[in-house]
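# Structure at a glance
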2 protein chains.
Amino acid sequence: MTFRTYQGDALTRLTELDPATVDAVITDPPYNSGGTTAKERTSRTAREKYTTGGSKNDLADFPGENKDQRSYGFWLTQLMTEAYRVTKPGGMALIFTDWRQFPVSSDALQAGGWIWRGAISWHKPQSRPQKGRFRQDCEYILWGSKGAIDGDRNPVYLPGLYSASQPAGAKRQHITQKPVEVMRELVKIAPPGGTVLDFCMGSGSTGVAALLEGRSFLGIEMTAHYRDIAEQRLAKTARQLADTSEHQGAAAQ
Amino acid sequence: MTFRTYQGDALTRLTELDPATVDAVITDPPYNSGGTTAKERTSRTAREKYTTGGSKNDLADFPGENKDQRSYGFWLTQLMTEAYRVTKPGGMALIFTDWRQFPVSSDALQAGGWIWRGAISWHKPQSRPQKGRFRQDCEYILWGSKGAIDGDRNPVYLPGLYSASQPAGAKRQHITQKPVEVMRELVKIAPPGGTVLDFCMGSGSTGVAALLEGRSFLGIEMTAHYRDIAEQRLAKTARQLADTSEHQGAAAQ
DNA sequence: CAAGTATATGAATCCCGCT
DNA sequence: GAGCGGGATTCATATACTT
């Protein structure tokens, strides 16, 4: 399985890709959420919004957390429209979102041409409790298809709920990093040997999961910092897979 | 703890209630989902949509499953507006929805004057797997408040994910009946001794849960059939609670 | 090495004081 | 009076560390 990553603006890089070459688009855009006022949402950086006061980690910030909800919908629609173009007929799209952006994300998915098929819940057991309230302990993954789904092309049966904590400590490279064990399940929506695209790659968990599950990967990331981290993680994963298959080959002889 | 049920149109009955008397509105409106086209959704009855072809159950149909999405949002907004009026400041609203109606339900909640606060996932473990797809095994509960929340008034810490199967067999009295164990957790968002309102009562699971958790209940149901069932379930629950407390009183002497 | 203990933190939210 | 920003709050969980 192969991988390739690009650094740059997601929309620009997407327009350079060939049409109908991707089996599944799986992406986790900046949510532009958090905060009670528009000012709080749009003027603070991701780190200021999403990292607890007093926490000691030293993770790099990420850009793109400056949009109000209308603008977020507009931006995501453009991306999903281009993503639709580069996807094969019958291909899939998965978009991470929190509860606030669930409605606008469903709009963007459908405005981009996709048929909205459902929502997946990702449960985070380690979330913050709050007095007199329900926890915000789920994020959501909206999914859709480019036209009809041929169940026989990729006859998997996937759950609609996953429970896993964010990577912590030294394993954590990004503020909003997704657990690889969840991503490994999600990438199975692309057929084995197929290609997965993530145009908001971050530290590359989607790509690592794709390689581990025998899918190829295309990644786009705006910041050079995270693109470098993703390249390293992907290269390391590819090396480990090559070693394993060599050993298996040797053992089989 | 007391209960009272009304039979009739939800909006009409709501307008007859006194303002600022309810602590939490918890309701499960007919989703008007199911089917990929408007025609499929609005031309079949609830029974035809939500029970498997040829299944032998004998549950009564329910009305209200004839609206397209725009009309559903309009209808729900009117109800949530009236519900807002009858709720105390700082009171809560919980609306069940499926993934399709999640966006329009969030609109109706906010259009009714409520501050949208989050989404709760209800996971149904025994949902149907589908080839080449993710399961649709979660429903959602959108929740909001009438103005600011005073955590000290009801200092509970509630989870944002529940897992439970729909009642089955003889215990099932309504096509879309909710499990009482889930409802018992949800009603805790009203303070002990407070009042819970359900204007789409169905067979009364919300009310049963409210009584079991020491909250009073107001229920509105359109069909006389289900209102009767709810009355019987509520009366039985109240009797059981009275028996238990008598025994406890006798044992204490 | 297993079991028990200590510590850090979360895609958050709100209060309160200041401008 | 509205807007802004700093800092406290809360506990289940993962991890590190100790016994």
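I will try to describe carefully the structure that is included in this document. As the structure is a computational prediction, the values presented were derived from the model and not from experiment.

### Re the sheet that holds strand β4 (residues 115-123) of chain A
All names here are of chain A. Read across the open sheet, the eight strands follow the order β1-β10-β9-β2-β3-β6-β4-β8; overall the sheet is mixed. Since the sheet does not close on itself, it has two edges, and those belong to β1 (3-7) and β8 (161-163), each with one partner. Adjacent strand axes in the sheet meet at a mean angle of 20 degrees, parallel and antiparallel pairs treated alike. Where β4 meets β8, three bridges bridge the pair, whose relative direction is parallel. Paired with Trp 122 across the strands is Tyr 162, a residue of β8. Lying on the sheet, helix α7 (residues 205-212) is in contact with β1, β2 (22-27), β9 (195-198) and β10 (216-221); it crosses β10 at an angle near 175 degrees.

### Regarding the pattern of salt bridges
Enumeration according to the criterion identifies 19 salt bridges over all chains in this entry. As a salt-bridge pair, Arg153(A) and Asp23(A) come within 3.9 Å of each other at their nearest N and O atoms. Pair noted here: Arg153(A) is in the loop between β6 (138-145) and β7 (157-158) and Asp23(A) is in strand β2, with a separation of 130 residues, a long-range link. Close ionic contact of Asp28(B) with Lys178(B) constitutes a salt bridge, the shortest N to O distance being 2.8 Å.

### Quick notes on the pairing of strand β3 (residues 87-97) of chain A
All names here are of chain A. Extensive coverage of β3 is indicated by the burial of nine of its 11 residues. Here β2 pairs with β3 via five bridges, running parallel. Across the sheet, residue Ile 26 finds its bridge partner in β3, namely Leu 94. By the bridge criterion, six bridges tie β3 to β6 in an arrangement that is antiparallel. Directly across from Phe 96, in β6, lies its bridge partner Ile 141.

### So, the protein's contact with DNA strand C
Surveying the vicinity of DNA strand C reveals 29 residues, the closest of which are Arg100(A), Arg128(A), Arg133(A), Gln166(A) and Arg117(B). Restricting the count to atoms of DNA strand C within 4 Å of the protein gives a sugar and phosphate share of 53%. Here Tyr31(A) contributes a backbone N or O atom positioned 3.1 Å from a base nitrogen of DNA strand C. Within the backbone of Gln126(A), a nitrogen or oxygen atom sits 3.4 Å from a base nitrogen of DNA strand C.

### Structural notes on the pairing of strand β10 (residues 216-221) of chain B
Residue and element names in this part refer to chain B. The buried fraction of β10 is high, at six of six residues. Both faces of β10 are covered, namely the face carrying Ser 216, Leu 218 and Ile 220 and the face carrying Phe 217, Gly 219 and Glu 221. In this structure, strand β1 (residues 3-7) lies alongside β10, joined through five bridges in parallel fashion. Considered in β10, the bridge of Arg 4 is made with Leu 218. Between the parallel elements strand β9 (residues 195-198) and β10, the chain passes through helix α7 (residues 205-212) in a crossover that is right-handed.

### Considering the side chain of Ser145(B)
All names here are of chain B. Considering the arrangement of structural elements, one finds Ser 145 in strand β6 (residues 138-145). For Ser 145, a relative accessible area of 0% translates into the label buried. There is a polar contact of 3.0 Å between the side chain of Ser 145 and the side chain of Arg 117. Setting aside anything within four residues of it in sequence, one finds Ser 145 in contact with Gly 91, Met 92, Trp 114, Ile 115 and Arg 117.

### Observations concerning unusual backbone geometry
A positive phi angle is found at Ala20(A), which is not glycine, with a value near 55 degrees. Here Ala20(A) shows up in the loop between α1 (10-15) and β2.

### Describing helix α4 (residues 69-86) of chain B
Residue and element names in this part refer to chain B. Compared with the 26 Å implied by 1.5 Å per residue over 18 residues, the 26 Å span of α4 between its first and last C-alpha is a close match. Within α4, the full set of buried residues consists of Tyr 72, Gly 73, Leu 76, Leu 79, Met 80, Glu 82, Ala 83 and Val 86. The inward-facing, buried residues of α4 abut α1 (10-15), β2 (22-27), β3 (87-97), α5 (102-111) and β9. Measuring from the side-chain oxygen of the N-cap residue of α4 to the backbone nitrogen of Arg 70 gives 3.2 Å; that N-cap residue is Asp 68.

### Focus on helix α5 (residues 102-111) of chain A
With respect to burial, α5(A) is a largely interior element, seven of its 10 residues being buried. If you check which residues of α5(A) are buried, you get Phe102(A), Pro103(A), Val104(A), Ser105(A), Ser106(A), Ala108(A) and Leu109(A). Packed against the buried residues of α5(A) are α4 (69-86), β3, β4 and β6 of chain A together with α5 and β4 (115-123) of chain B. Downstream of α5(A) by a residue or two, Gly113(A) has a phi angle that is positive, lying close to 105 degrees.

### Here's the deal with the interface of chain A and chain B
Taken together, the contact pairs 40 residues of chain A with 40 residues of chain B. When chain A packs against chain B, the two sides together hide about 3,500 Å² of surface, and 64% of this comes from carbon and sulfur. The largest contributions to the chain A side of the interface with chain B come from Lys131(A), Arg133(A) and Phe134(A), which together make up 24% of the buried area. On the surface where chain A and chain B come into contact, there are two salt bridges. At the boundary of chain A with chain B, the tally comes to 15 residue pairs in polar contact (both at pLDDT 80 or more). Looking at the side of chain A that touches chain B, the elements with two or more residues in it are β3, α5, β4, β5 (133-134), β6, β7 and β8 of chain A. The dominant element in the side of chain A that touches chain B, judged by the number of residues it contributes, is β4(A), at seven residues. Per-class residue counts for the side of chain A that touches chain B are 23 nonpolar, 10 polar and seven charged. Taken together, the two bridges between β5(A) and strand β7 (residues 157-158) of chain B define a ladder with parallel strand orientation.

Parameters at a glance
Residues numbered from 1 in each chain as written. Chains lettered and ligands numbered in written order. Predicted model: local features only at pLDDT ≥ 70, side-chain atom pairs only at ≥ 80, totals over all residues. Heavy atoms only, no water. Pairing = 2+ DSSP bridges. Helix = DSSP H or I, 4+ residues; strand = E, 2+ residues; numbered from the N terminus. Axes fitted to C-alpha atoms, helices over the stretch in contact; angles between N-to-C directions. Contact = heavy atoms within 4.5 Å. Salt bridge = Lys/Arg side-chain N within 4 Å of Asp/Glu carboxyl O. Buried < 20%, exposed > 50% of the residue type's maximum accessible area, 1.4 Å probe, protein only. Near = heavy atom within 4 Å. Polar contact = N/O pair within 3.5 Å; in protein donor to acceptor, adjacent residues only side chain to side chain. Right-handed = clockwise from strand over helix to strand, strands pointing away. Expected span 1.5 Å × (residues − 1). Buried area = accessible area lost by both parts, 1.4 Å probe. Nonpolar A, V, L, I, M, F, W, Y, C, P; charged D, E, K, R; others polar.

By themselves these figures say nothing about function.
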